[in-house]
Amino acid sequence: MPDASGPTATPPELTGDDLETWAALATVLEWLPPALDGQLQRDAELTHFEYGVLYALAKARERTLRMSVLAGYANSTLSRLSRAAVRMESRGWLRRTPDPADGRYTLAILTDPGHEKVRQATPGHVEVVHRLVLDRLTKAQARQLREISHRIMRAIRDEDGWAPTSRAEGSD
C-alpha cells in the first residue's frame, strides 16, 4: 500500500479558507482577461496581448526588442507572437528585421503609428485597470497584491516576467 503522502496519493480536497481563496483567485483569472480584452477591442481594436506587445516595445530602448525576449515578456511561444506580429505589421504598428548583431535573431521594432496606437489605447486601459483592480484596493493591499503576485510568478518560473524600467534606464 503506497504511503498516503507519496506521489501516487490523491491530493486532499481544497476546503475552508483554502477553497475560498483558490475560488476567488481562479474566478479573477477567468474574468479579468475578457474584461481587459473587451475594453481594448472596443476602444482601440487591440487585444490585451497585442497591447502588451506594443507597450513593451514602447518602453524598450529604441522601441526595439528581440522577438525571443518579447515572447518571454508576453508568456508566449514564438509562433503565437509571430502570428500576432504579422497582424500588427499589416496594420503598420511594428516591423521585424534580422538582428544586425546576430542574424539568428529577429528584432521587433515599434513604428511611429504603433507608438501612436499605444498612446491612444493607454488612457482607456489605465482607466479599466484602475476601475477593476487598483481603485478597489488600499495602498497596503496593492503592495500585498504585488508581493503575492511576485511570489506566485517565482513559483511558476525562475525567470522574471516583464517589469517596467525607470526613465533613467532609457525608457520613454
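Above this text is the structure in question.
Computed from a predicted structure; not experimentally measured.

## What about the overall build of the chain?
Link 1 in the chain: Each helix and strand counted, the chain has 6 helices and 3 strands in total.
Link 2 in the chain: Traced from its N-terminal end to its C-terminal end, the chain shows the element sequence α-α-β-α-α-β-β-α-α.
Link 3 in the chain: Counting all 172 residues of the chain, 24% fall into the buried class.
Link 4 in the chain: Within the chain, contacts between residues separated by at least 24 positions form 55% of all contacts whose residues are at least 6 apart in sequence.

## Some details on a nonpolar patch on the surface
Link 1 in the chain: Nonpolar side chains collect at one region of the surface, where Leu 14, Leu 19, Trp 22, Leu 25, Val 28, Leu 29, Ile 148, Ile 152 and Ile 156 lie side by side and expose about 830 Å² of accessible area between them.
Link 2 in the chain: When contributions to the nonpolar patch are tallied by element, the ones reaching two or more residues are helix H1 (16–44) and helix H6 (139–156).
Link 3 in the chain: Element by element, the count of residues in the nonpolar patch is highest for H1, at 5 residues.

## Some remarks on helix H2 (residues 48–59)
Link 1 in the chain: With 12 residues, H2 ought to run about 16 Å at 1.5 Å a step, and its terminal C-alpha atoms sit 16 Å apart, in line with that.
Link 2 in the chain: Every buried residue of H2 is listed here: Phe 49, Glu 50, Tyr 51, Val 53, Leu 54, Ala 56, Leu 57 and Ala 58.

## Considering the nonpolar core
Link 1 in the chain: One finds Leu 46, Val 53, Leu 54, Leu 57 and Leu 70 to be the most contacted residues of the largest nonpolar core, which totals 25 residues.
Link 2 in the chain: Those elements that provide at least two residues to this core are H1, H2, helix H3 (67–73), helix H4 (78–90), strand S3 (106–110) and helix H5 (112–132).
Link 3 in the chain: If near-sequence neighbours (up to four positions away) are discounted, Leu 70 is found in contact with Val 53, Ala 56, Leu 57, Leu 65, Leu 81 and Ala 108.

## A short note on the sheet that holds strand S2 (residues 94–98)
Link 1 in the chain: If you trace the 3 strands from one edge of the open sheet to the other, you get S1-S3-S2, paired in antiparallel fashion. Two strands bound the open sheet, and with one partner strand each, they are strand S1 (64–66) and S2. Adjacent strand axes in the sheet meet at a mean angle of 25 degrees when their direction is disregarded.
Link 2 in the chain: The pairing of S1 with S3 spans 3 bridges and is classified as antiparallel. Note on S3: the bridge partner recorded for Arg 66 is Leu 107.

## Side note on the pattern of salt bridges
Link 1 in the chain: Counting across every chain of the model gives 8 salt bridges.
Link 2 in the chain: For Arg 87, the salt bridge goes to Glu 50, with nearest N and O atoms at 3.2 Å. Of this pair, Arg 87 sits in helix H4 while Glu 50 is found in helix H2, placing the two residues 37 residues apart along the sequence.
Link 3 in the chain: Residue classification places Arg 87 among the partly exposed residues on the basis of a relative accessible area of 38%.
Link 4 in the chain: As a salt-bridge pair, Arg 131 and Glu 127 come within 3.2 Å of each other at their nearest N and O atoms. One end of the pair is Arg 131 and the other is Glu 127, both in helix H5 and 4 residues apart, which spans about a single turn.
Link 5 in the chain: One network of salt bridges, in which partners are shared, links Glu 50, Arg 87 and Arg 91.

## With respect to unusual backbone geometry
Most peptide bonds adopt trans geometry, and most residues besides glycine take a negative phi value.
Link 1 in the chain: With phi around 55 degrees, Glu 45 is a residue other than glycine that occupies positive phi space.
Link 2 in the chain: Considering the arrangement of structural elements, one finds Glu 45 in the loop between H1 and H2.

## Notes on the packing of H1 against H5
Link 1 in the chain: At a minimum axis separation of 10 Å, H1 and H5 run at an interaxial angle of 145 degrees. Taken as a pair, H1 and H5 cross one another with a handedness that is right-handed. In contact with Leu 32, Ala 35, Leu 36, Gln 39, Leu 40, Asp 43 and Ala 44 of H1, H5 contributes Lys 117, Gln 120, Ala 121, Gly 124, His 125, Val 128, Val 129 and Leu 132.
Link 2 in the chain: Here the contact of H1 with H5 is composed, by residue class, of 9 nonpolar, 4 polar and 2 charged.

Definitions and limits used
Residues numbered from 1 in each chain as written. Predicted model: local features only at pLDDT ≥ 70, side-chain atom pairs only at ≥ 80, totals over all residues. Heavy atoms only, no water. Helix = DSSP H or I, 4+ residues; strand = E, 2+ residues; numbered from the N terminus. Buried < 20%, exposed > 50% of the residue type's maximum accessible area, 1.4 Å probe, protein only. Contact = heavy atoms within 4.5 Å. Patch = residues over 30% accessible without salt bridge, like charges linked within 9 Å, V, L, I, M, F, W, Y side chains within 5 Å. Areas by Shrake-Rupley, 256 points an atom, 1.4 Å probe, with all protein chains shown as cover. Salt bridge = Lys/Arg side-chain N within 4 Å of Asp/Glu carboxyl O. Expected span 1.5 Å × (residues − 1). Core = buried A, V, L, I, M, F, W, Y, C linked by side-chain atoms within 4.5 Å. Pairing = 2+ DSSP bridges. Axes fitted to C-alpha atoms, helices over the stretch in contact; angles between N-to-C directions. Left-handed = near helix turned anticlockwise from the far one by under 90°. Nonpolar A, V, L, I, M, F, W, Y, C, P; charged D, E, K, R; others polar.

Coordinates in, geometry out; function isn't part of it.
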